There are 2 protein chains.
Amino acid sequence: MKIDAVDFFYLSMPEITLEGDGSQDALLVRVASGGHAGWGECEASPLTSIAAAVCPRSHGACQPVLDSVLGQTLDDIADIARIAKLVGRNSLDLLQADHTWSGIEIALWDLLGKRLGEPVYKLLGYPKAFPKLPYASLLFGDTPEITLAKGRAMRARGFRAVKYGWGPFGQSTAKDDRDQLAAAREGLGPDGILLVDAGAIWLDDLEAARQRLSALDEFRAHWLEEPFVSGALDAYKALSRESRVRLAAGEGSHNTFMARHLIDHAGVGFIQIDTGRIGGIGPAKEIADYAAPRGITFVNHTFTSHLALAASVQPFAGLGRHELCEFPAEPKALAFEITSNHLMPGEGGLLRLAEEPGLGMTVDPRTIERYLVDVEIRAKGKTLYRTPHVPA
Amino acid sequence: MKIDAVDFFYLSMPEITLEGDGSQDALLVRVASGGHAGWGECEASPLTSIAAAVCPRSHGACQPVLDSVLGQTLDDIADIARIAKLVGRNSLDLLQADHTWSGIEIALWDLLGKRLGEPVYKLLGYPKAFPKLPYASLLFGDTPEITLAKGRAMRARGFRAVKYGWGPFGQSTAKDDRDQLAAAREGLGPDGILLVDAGAIWLDDLEAARQRLSALDEFRAHWLEEPFVSGALDAYKALSRESRVRLAAGEGSHNTFMARHLIDHAGVGFIQIDTGRIGGIGPAKEIADYAAPRGITFVNHTFTSHLALAASVQPFAGLGRHELCEFPAEPKALAFEITSNHLMPGEGGLLRLAEEPGLGMTVDPRTIERYLVDVEIRAKGKTLYRTPHVPA
């Protein structure tokens with residue numbers, strides 16, 4: 001079968017705040033082939049990712065992503081890897097291409113799963129999907145009091161693990177951060193799993209991170225996530241040698257090499273992969289395969305919809321010992337409503353993938369209609385992109 | 001002084017071929033502040049880089065590049081680094097931002113140099129600019145005969161060093177590649193410096209690269225450039241241990257970390273930086289400072305205009321022992337005509353930077369007019385970008 005169409009739907013909340021909340025907009029991708037449709041989601045900057053899909057070509061190694069996708073054969077999973085290689089070659093110099101392709105790749109797996117009647121994790125070779133322990137992923141409150149209240153609320157919702165990130169953390173004094181961590185631990189109770197995300201706030205400043213280590217240890221953080229930007233391997237490595245709390249990173253990886261460098265050279269204990277950035281489900285599975293035998297725990301990175309959540313859990317669904325799973329616990333309405341079904345924590349507080357073909361998620365056309373952004377891109381006398389009609 | 005305006009001009013040849021020739025289009029950036037103007041150039045995909053400049057924000061760490069630039073104070077070079085940090089933070093999740101920012105950063109140096117009456121290399125702290133030995137950067141011919149003729153032509157133009165890249169090289173058999181290398185050496189004569197660029201054709205396939213090593217050695221290549229993609233550090237490292245010809249890489253670096261990883265973990269002998277990608281002139285200078293004491297030779301990567309050439313030579317202008325300099329020897333008319341003055345090889349076949357304020361290059365408004373692409377980007381009921389008028 002040929003890939004007949006790739007459509008992008010840019011959704012946005014009416015107001016976009018400056019919070020570190022990535023669920024305020026979304027770029028959905030719908031791929032059509034041989035009477036089937038598959039859905040994926042790109043992370044992030046919808047308009048820029050659309051531009052990378054449709055831009056005029058610059059030269060042989062800087063072509064728009066769609067030129068390597070439309071009309072291609074899609075019969076089995078080897079075709080997805082083949083098209084990925086084409087995109088890699090033809091869009092080598094187009095930086096944003098990795099994010100654009102990620103959403104398309106996810107949609108191809110969804111489509112193929114539907115056509116073959118198999119959940120994606122089975123196409124990836126896993127005989128079964130293990131339940132995951134979802135951690136509620138939250139922003140730190142502006143004050144320790146708000147952070148405390150958030151923790152209690154999540155505990156009341158049954159979460160045994162909570163991650164706080166961004167907000168004021170790391171931007172003020174180490175003392176202020178300690179107060180936040182104390183509040184986080186108190187809200188969670190003594191048995192809760194506490195995860196902390198610094199949101200790359202210290203860039204590559206080892207000393208700034210070092211000042212928070214004792215409080216992270218004191219309040220028993222299970223990991224410290226992204227003290228530094230993705231590329232700061234040396235700073236990660238140095239911090240990992242001093243920290244009793246293990247480090248987590250990886251969401252910034254827009255190819256498998258970056259994730260492998262974190263595993264090989266940065267001393268992380270957890271590798272966090274967003275399928276909407278790294279090139280989709282195939283590359284994420286490659287990293288799961290690379291991490292597991294090296295004693296590194298794979299975790300999804302997901303702060304948006306349950307479509308993105310389903311996509312990001314497939315690559316490590318079959319790894320029973322890699323139990324934690326990021327769960328966007330306070331998404332904006334848009335992100336939650338993208339799918340009409342949801343992956344909610346069930347028995348034992350655990351999260352289970354839908355045992356349905358593809359990603360097992362149903363995109364809600366009413367949500368697309370409600371939040372759809374009207375976009376038009378014209379260049380060289382042609383309309384390169386116009387917001388498509390909402391599929392029935 | 002405040003930054004008053006940032007304008008993008010997307011230029012394109014009427015036809016864009018699938019050659020690996022990056023001089024077929026260009027994205028010029030003009031920054032205005034306090035009555036002065038500075039010019040820079042982004043590499044690559046003009047439309048996508050414009051989108052990253054003007055897109056609606058997605059969240060606090062995914063803002064359009066211009067939100068961190070317009071209205072900022074620009075009084076001295078520390079301001080450029082400060083704005084760079086702002087962009088890094090506010091556009092952390094916007095992949096294409098690095099390329100967009102690169103052109104703006106270059107324009108800020110040009111503007112500041114003009115205002116202060118100093119060439120950029122002096123603002124970088126170099127007391128003088130050493131002449132460079134330009135190598136003619138060419139595509140391999142489709143046949144060895146064409147490659148031979150190209151080499152002879154460059155020798156007749158006085159070039160003592162020539163680089164061949166892309167084209168058929170690496171895509172056929174090792175025997176075919178040997179024929180190309182033999183022709184390249186013959187065209188260049190026994191004393192010419194022969195450089196070879198595989199254009200990342202083998203991705204991370206060590207064995208494919210290995211098959212070419214004996215011919216590279218036989219025909220005395222001075223370096224083998226980009227046998228692999230930028231992230232393939234392990235493959236680079238392994239090849240560097242086996243190869244008598246030194247490896248060169250780095251043009252894909254869109255931040256300083258990537259370039260440092262190549263220096264630290266890939267065994268390269270030459271680090272090649274494009275100021276239009278790595279974040280501009282400041283980050284490129286950082287890499288020159290990092291490379292030099294480690295015995296790694298810094299080289300510019302430039303395949304486009306003489307504006308880009310001037311920008312990419314500044315960061316290592318003061319390093320006398322880092323002598324080779326990439327020179328786009330067969331650019332498309334558009335790229336050559338972007339500036340009305342040029343950095344042509346002079347006495348002794350050497351290339352010298354203009355001793356003028358800023359980058360010392362004059363952008364030709366007639367060229368902009370001739371090749372300007374008409375673009376319009378609309379979203380959320382607003383026109384986010386429309387091709388601006390050509391400055392007088």
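One can find the structure itself at the top, above this paragraph.
As a starting point, this report considers the structure included with it.

The rules behind the values
- Residues numbered from 1 in each chain as written.
- Chains lettered and ligands numbered in written order.
- Predicted model: local features only at pLDDT ≥ 70, side-chain atom pairs only at ≥ 80, totals over all residues.
- Heavy atoms only, no water.
- Helix = DSSP H or I, 4+ residues; strand = E, 2+ residues; numbered from the N terminus.
- Buried < 20%, exposed > 50% of the residue type's maximum accessible area, 1.4 Å probe, protein only.
- Axes fitted to C-alpha atoms, helices over the stretch in contact; angles between N-to-C directions.
- Left-handed = near helix turned anticlockwise from the far one by under 90°.
- Contact = heavy atoms within 4.5 Å.
- Pairing = 2+ DSSP bridges.
- Least-squares fit on C-alpha atoms with pLDDT ≥ 70 in both.
- Buried area = accessible area lost by both parts, 1.4 Å probe.
- Salt bridge = Lys/Arg side-chain N within 4 Å of Asp/Glu carboxyl O.
- Polar contact = N/O pair within 3.5 Å; in protein donor to acceptor, adjacent residues only side chain to side chain.
- Nonpolar A, V, L, I, M, F, W, Y, C, P; charged D, E, K, R; others polar.
- Disulfide = S-S within 2.5 Å.

This part covers unusual backbone geometry. Cis peptide bonds are those with omega within 30 degrees of zero, and the linkage from E43(A) to A44(A) qualifies with 15°. Its place among the elements puts A44(A) in the loop between strand 3 (36–42) and helix 1 (46–54). Unusually for a residue other than glycine, L203(B) sits at a positive phi of about 55°. For L203(B), the position within the fold is in the loop between strand 6 (193–197) and helix 7 (206–210). Taking the relative accessible area as the measure of exposure, L203(B) reaches 27% and is therefore partly exposed.

The next subject is the packing of helix 9 (residues 233–242) of chain A against helix 10 (residues 256–265) of chain A. Residue and element names in this part refer to chain A. Where helix 9 meets helix 10, the axes come as close as 9 Å, and the angle between the chain directions of the two elements is 35°. Classified by chirality, the crossing of helix 10 by helix 9 is right-handed. From helix 9, L233, Y236 and K237 reach across to helix 10, where they touch H261, L262 and H265.

A few words now on the side chain of T339(A). Residues and elements named next belong to chain A. Locating T339 in the fold gives a position in the loop between helix 14 (333–337) and helix 15 (365–371). With relative accessibility at 1%, the residue T339 sits in the buried group. Apart from residues lying up to four places away in sequence, T339 is in contact with H306, L307, M361, T362, V363 and D364.

This part covers the sheet that holds strand 3 of chain A. Residue and element names in this part refer to chain A. Read from one edge to the other, the open sheet built from three strands follows the order 1-2-3, with strand pairing classed as antiparallel. Two strands close off the open sheet at either side, each with one partner strand: strand 1 (5–12) and strand 3. For this sheet the average axis-to-axis angle between neighbouring strands, irrespective of direction, equals 20°. As defined by bridge partners, strand 1 adjoins strand 2 (residues 25–33) across eight bridges and the pair is classed as antiparallel. Bridged to Y10 within strand 2 is L27. On the sheet, helix 3 (residues 97–116) packs against strand 1, strand 2 and strand 3 and is oriented at approximately 150° with respect to strand 3.

Moving on: the relation of the copies chain A and chain B. Of the two same-sequence chains, chain A is brought onto chain B (RMSD 0.0 Å, axial shift 0.0 Å) by a rotation of 180°. Accordingly, the operation relating the two chain copies is best matched by a two-fold axis.

Here the focus is the interface of chain A and chain B. At the junction of the two partners, chain A supplies 64 residues and chain B supplies 64 residues. Between chain A and chain B, a total of about 5000 Å² is buried, with carbon and sulfur atoms accounting for 60% of that surface. At the junction of chain A with chain B, the criterion picks out two salt bridges. Here D93(A) and R277(B) are joined by a salt bridge, their closest N and O atoms 3.2 Å apart. Connecting chain A to chain B are 21 residue pairs in polar contact (both at pLDDT 80 or more). Mapped by element, the contributors of at least two residues to the side of chain A that touches chain B are strand 1, helix 1, helix 2 (77–90), helix 3, helix 9, helix 10 and strand 12 (375–379) of chain A. Within the side of chain A that touches chain B, the residues separate by chemical class into 29 nonpolar, 18 polar and 17 charged. Where strand 12 of chain A meets strand 12 (residues 375–379) of chain B, five bridges bridge the pair, whose relative direction is antiparallel. Along strand 12 of chain B, the bridge assignment pairs A379(A) with V375(B).

Okay, the pairing of strand 2 (residues 25–33) of chain B next. Within a regular strand, the side chains alternate between the two sheet faces. Residue and element names in this part refer to chain B. With eight of nine residues buried, strand 2 is to be regarded as a mostly interior element. Sheet topology places strand 2 next to strand 3 (residues 36–42); seven bridges connect them, and they run antiparallel. By the bridge assignment for strand 3, V29 is matched with G40. Joining the antiparallel neighbours strand 2 and strand 3 is a turn of two residues, in which G34 adopts a positive phi near 55°.

Under the definition given, this model contains zero disulfides over all chains. No disulfide involves C55(A); its nearest neighbouring cysteine sulfur is the one of C62(A), lying 6.3 Å away.

Moving on: the environment of K237(B). Residue and element names in this part refer to chain B. Along the chain, the position of K237 falls in helix 9 (residues 233–242). Residue classification places K237 among the partly exposed positions, given a relative accessible area of 28%. Expressed as a C-alpha distance, the spacing of K237 and L262, which sit 25 residues apart in the sequence, is 9.0 Å. Setting aside residues no more than four positions away along its own chain, K237 makes contact with H265, A266 and G267.

Let us now look at the sheet that holds strand 3 of chain B. Residue and element names in this part refer to chain B. The strand order across the open sheet formed by three strands is 1-2-3, and the pairing between neighbours is antiparallel. For this open sheet the edge positions go to strand 1 (5–12) and strand 3, each flanked by a neighbour on one side alone. Taking each pair of neighbouring strands and ignoring which way they run, the sheet shows an average axis angle of 20°. Sitting on the sheet, helix 3 (residues 97–116) is in contact with strand 1, strand 2 and strand 3, with an inclination near 150° to strand 3.

All names here are of chain A. Assignment of secondary structure puts H306 in helix 13 (residues 306–313). Judged by its relative accessible area of 1%, H306 falls in the buried class. A distance of 2.9 Å separates a polar side-chain atom of H306 from the backbone nitrogen of L343. Contacts of H306, omitting those with residues within four sequence positions, involve F327, A335, F336, T339, H342, L343, M344 and M361.

Bringing helix 12 (residues 281–291) of chain B into the picture now. Of all 11 residues in helix 12 of chain B, nine are buried; the element is thus mostly enclosed. The complete set of buried residues in helix 12 of chain B reads I281(B), G282(B), P283(B), A284(B), K285(B), I287(B), A288(B), Y290(B) and A291(B).

Right, let's get into the pattern of salt bridges. For side chains bearing opposite charge, pairing can occur when the charged atoms are close. Applying the stated rule across the entire model yields 43 salt bridges over all chains. A salt bridge links E242(A) to R210(A); the nearest nitrogen and oxygen atoms lie 2.7 Å apart. On the criterion of sequence distance, the pair formed by E242(A) in helix 9 and R210(A) in helix 7 (residues 206–210) is long-range, its members being 32 residues apart. Here E242(A) falls in the partly exposed class, since its relative accessible area comes to 39%. For R210(A), a relative accessible area of 33% gives the class partly exposed. Residue K332(B) is joined to E19(B) by a salt bridge in which the shortest nitrogen-to-oxygen separation is 3.3 Å.

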